[in-house]
Amino acid sequence: MINLNAKIPEGPLEEKWTRYKSGSKLVNPANKNKIDIILIGTGLSGAGAASSLGELGYNVKVFCYQDSPRRAHSVAAQGGINAAKNYKNDGDNTYRLFYDMIKGGDFRAREANVYRIAEVSNQVIDHYTALGVPFAREYGGTLDTRSFGGVQVSRTFYSKGQTGQQCLLGAYSSLNRQIRAGKVTMFPRRDILDIVVIDGKARGIIARNLITGEIERHSAHAVVLATGGYGTVYYFSTLAVNSNASAAWKAYKKGAAFANPSFVQIHPTCVPQLNEFQSKLTLMSESLRNDGRIWVPKNKDDKRPANDIPEEDRDYYLERRYPTFGNLVPRDVASRAAKERCDAGYGVGKTGLAVNLDFRDAIKKQGKDAIENKYGNLFEMYKDITGIDSYEEPMQIYPAGHYTMGGLWVDYELMTTVPGLYAIGEANFSDHGANRLGASSLMQAAGDGYFILPVTINNYLSGEIRIPRIPTTGAEFEEAEKSVRERIKKFLSIKGKQAASSFHKRLGKIMWDYCGMKRNEEGLKKALVLVAELKKEFWSDLLVPGEGADLNQELEKAGRVADFLELAWLMITDALNRKESCGAHFREESQTEDGEARRIDSEYSYVAAWEYNGENEPILNKEPLKFEFVELKERSYK
Amino acid sequence: MNKILFSAISKKFVMALAGLFLLLFLPVHLGINLMLLKDDPEPFNNAAHFMATFHLVKAVEILLLLTILVHVVYGIILQVQNWFLRPVRYAVRNKSETSAFSRFMIWTGGAVLIFLVIHFFNFYFMKLGLVDGDPENFYSIAYQLFSIPGYVILYWVCFILLGFHLYHSLQSAFQTLGLANDFWTPVIKGISLIYAVAVPLGFAIIPLFIWLLK
Amino acid sequence: MKLRLKIWRQKNAKTKGAFAFYDLDGVSPDMSFLEMLDSLNKKLIEEGKDPIAFDHDCREGICGSCGMFINGYPHGPVPGLTTCLLSMRYFKDGEKIVIEPWRAKPFPVIKDLIVDRSAFDKIQIAGGFISVTAGAASEANSILVRKKKSDEAFDSAICIGCGACVAACKNASAMLFVSAKISQFALLPQGRPEAKERVRAMIVEMDKQGFGTCSNTGACEAQCPKKIKLTNIARLNREYYSAF
């Protein structure tokens, strides 16, 4: 068992962070120069943390698998970034943002962490604006905000449909400034194949240079994982196709607890699968649901083109089931409802795995220009991919894996259960509970990177100042490199018949069917068996062409899929353990009479932090969630 | 500092300025040439004489020669440098859409340069006394040249190519000098077109008129 | 759909490459160009051959990883699309498709269709930032920006750094890329204080990386998947001259 001490500061909610900052230890500027930090991932959290740590004076080594840090998948976030600025005078404040997140997360997040991220949200906007992020503005020159993700205040800052790219470029520019200053060294095109732990502390990594195939050792006083989520476990997801869980998984295997791995957000509005070689499901911004109406035919066998189906034969199922929120119900509710309709045989499109998102009425009411103004770029993108003109006929959409609320367990300082190993952004579990509110992923990633980690990490590093630069020749590095090399050799020597991606696709199907939007005991147990079988098959029938000492994209894939196969097993185990429904985790056994999610606070008000236990069942550690400042309520969107 | 002064953009800046200066000179030259259309050789010869002897013009002349030199030398240097930037060429011709004639500036420019050299041998060097002939009677020399069909065809071809060169050059110079935006660029492109048609046409009609009228 | 593919194969930066020919059957018009290559790779792997290496990641046209020279066009013949969003609908059954890597001296080939674009990073490291330390920023609304300027800055900021402009340019010039970066900062008041240092540093680095000069042919603008405008280059020039 691990001791899960969240180290939450005493005191009232709104004073915790201030108290923490007043009490935590600092590192003398002259000593920072002697300390090395390894940072993995260059998205909003990683690039933000790297630049901030560089600004503080630490020596930072940054790794990413892309050819440039500017390509990390934060780049694809569309909708926006939240902050409690209350620029619209609509009654927003830090508490309200905190409360919306806690409630949106279905009371499965840690109060203190969530309040803190709401607290730093304003600073994030200030910083990005100063960095030159071109957020949308009003005519008076002030920043514009919009209402997003079903909340009642307008707190989402945005840059048209590409807030993620603009924020990422801001973060990338501050990273570049530190590279020029010599405080940050960038190592692009590297896969992280192991975390090195010496005397119980994270001290380095084993990386593979993706161009030369060289296995490299890098040491540091602390290691920070900013590696994002693991949604690609479903194969089809809104993530970049190379997004992976390998570094986080290696951390888990080296002793970092993995929290709530089964909490995965499925995004309701994505482009459905169109062909057998499709590699991803592109997200269409949720904002489309503000004006688009979702429907399927009332009659299963109605194969008429959408426009030929008259009003009385259409089932606007969200409006029917949720008269108050209608098409704007939270993501998990909308996703499940779509799956339910399609599973019942009402789906549209070639595969029957899609529902209509119709703008006919909005265009009639507001005019085509108004709709084009709001969603022009999205309609264009949809047309590029599918060839369908959504001004003329409805879009077809379907849910896809999107964001993982689960991740490495971290305490209030964002440190995992391995001392000196940190996890920030989507890679950790801390702020979104069982479901994430729209536009809060960018906020959390940036907040963690710029304003939280650079404060909390000092508290640990202040104890490391006497440790000289860590040599990479120790037994632990030898051992780690050896096992990495052996694994690569193994991949290359199986010489079976199937490419890594075919296993990945099959794994994704299992996870989607049994550990996706709806889960039940029987299905999950079946999935455990299926995943175990697939894993066995993988290790006996994998085919990786080429060699290790070379750029070998198939070898990269093999490593990622091997880790996904193990992670999937943990996700299913976690989903099996949590017999309640909460947020995005829907257990069919735990639902109300109307088919809504039913939380069981008496039994499951805890964070499930899984501990690696070799080939045996992982050990479940529970961090009880105490709600001292909010009252637990049931979500209702009726 | 050297790197900044001799950056690629600085070179382009000099080329653009030089080019614009040459663009100013062309209509002056055309104005004098149009006097060839008169039956009386006096005005043309007088103008040529004035251009050859007036001190201020002489100063401008030196500037003009230097400008041509800079424009040509820089143009060639930059072009040669650029040619080496794609050591492995595309197997399929690059079909990226480009503005008209812009890809052929070195060739149209080269043609104009060749014409310029011939032109220098026919007139300018005579004035300097480098070749035989009477610099006081350019009028009759011009008529003599225009009576040779081969020369006139070469003359026309060169002026058509000059037109191509000019069409891109005017707008491009403004762009290089940073004088372009959504409002003015279309206007400048319009002026480029008018200039690029009018000036070469002005030169080209002279032999035609001489043939038809005399 | 059936396709006849002619693809550049090159083992690594040191070896000489050559074209290889592949016949590919079973291509669906719903596929993206990269998915078409995925299907070819699957076939190659199953035949025990080395698959074609190409850069790709987000597959939704925003990360800028992918890019190849397709039948004479960077990112293929359809304007405004990255290779990953280029649908096979735009190709005919039986069509011959020639696929080459970006060709430019500053973008050396790493393997097959993958080129090294780190020169772009280096230009931005030289000065593509606003020097503000985390924590030093003032309240966001204390900086007022005219909406028109802000929108213009956004239009420049949408550059995804794919390198199509360099690939399209007859001079392998990076002016469109650099100008987009310069413009974003130049148009915003936040970027003004160090505008001069920025443009000088980035131009010197651009030259050092060996990119060509701008001949104003407009090929970059025509091929830019994000439709970055040529007027950015004029602005870059302006910024540069006023930096002395």
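One can find the structure itself at the top, above this paragraph.
Keep in mind the model is a prediction, meaning the values are calculated, not measured. (Residues numbered from 1 in each chain as written. Chains lettered and ligands numbered in written order. Predicted model: local features only at pLDDT ≥ 70, side-chain atom pairs only at ≥ 80, totals over all residues.)

Caption draft 1: Local environment of the overall build of chain B. From N to C terminus, chain B includes eight helices and zero strands. Overall, chain B is about 55 × 40 × 35 Å in size when its C-alpha atoms are taken along their principal axes. Here chain B, with 214 residues, has 24% of them falling under the buried criterion. (Helix = DSSP H or I, 4+ residues; strand = E, 2+ residues; numbered from the N terminus. Buried ≥ 20, exposed ≤ 12 C-beta atoms within 10 Å, placed from the backbone.)

Caption draft 2: Main features of the interface of chain B and chain C. Residue-level contacts link 39 residues of chain B with 38 residues of chain C. If you list the elements that add at least two residues to the side of chain B that touches chain C, you get α1 (2-5), α2 (8-34), α4 (55-83) and α7 (149-176) of chain B. Among the elements that take part in the side of chain B that touches chain C, α2 of chain B stands out by supplying five residues, more than any other. (Contact = placed C-beta atoms within 7 Å.)

Caption draft 3: Expanded view of the sheet that holds strand β15 (residues 395-404) of chain A. Residue and element names in this part refer to chain A. Taken together, five strands build an open sheet; the order of strands is β11-β15-β14-β12-β13 and the sheet is antiparallel. The open sheet has two free edges, formed respectively by β11 (264-270) and β13 (314-315), since each of these has just one partner strand. The sheet contacts of helix α9 (residues 331-343) involve β11, β12 (293-297), β14 (355-358) and β15, and relative to β11 the element is tilted by about 65°. (Pairing = 2+ DSSP bridges. Axes fitted to C-alpha atoms, helices over the stretch in contact; angles between N-to-C directions.)

Caption draft 4: Molecular detail of the nonpolar core. Counting residues in hydrophobic clusters, the biggest one holds 315 residues, and the most contacted among them are V224, L225, L408 and Y422 of chain A. For this core, the element with the most residues is helix α12 (residues 441-461) of chain A, which contributes 12 residues. Residues F44, F138, Y139 and A142 of chain B belong to the second largest nonpolar core, which totals five residues. (Core = buried A, V, L, I, M, F, W, Y, C linked by C-beta atoms within 7 Å.)

Caption draft 5: Just the environment of V204 of chain C, in detail. Residues and elements named next belong to chain C. Within the secondary structure, V204 sits in helix α6 (residues 195-208). For V204, a count of 18 C-beta atoms within 10 Å corresponds to the partly exposed category. Counting along the chain gives 91 residues from V204 to L113, while the straight-line C-alpha distance between them is 29 Å.

Caption draft 6: Representation of the sheet that holds strand β8 (residues 215-219) of chain A. All names here are of chain A. Ordered in space as β6-β7-β8, the three strands form an open sheet in which the pairing is antiparallel. Edge positions in the open sheet fall to β6 (190-198) and β8, since each of these has one partner strand only. Each neighbouring strand pair of the sheet contributes to a mean axis angle of 25°, computed without reference to strand direction. As judged from the eight bridges shared by β6 and strand β7 (residues 201-209), these two strands associate in the antiparallel manner. Bridging from a neighbouring strand, R190 pairs with N209 of β7.

Caption draft 7: View of helix α8 (residues 231-241) of chain C. Within α8 of chain C, nine of the 11 residues are buried, which leaves it mostly tucked inside the rest of the structure. Those residues of α8 of chain C that sit buried are T231, N232, I233, A234, R235, L236, N237, E239 and Y240 of chain C. Of the surrounding elements, those touching the buried residues of α8 of chain C are α2, α7 and α8 (184-213) of chain B together with α3 (147-157), α5 (175-187) and α6 of chain C.

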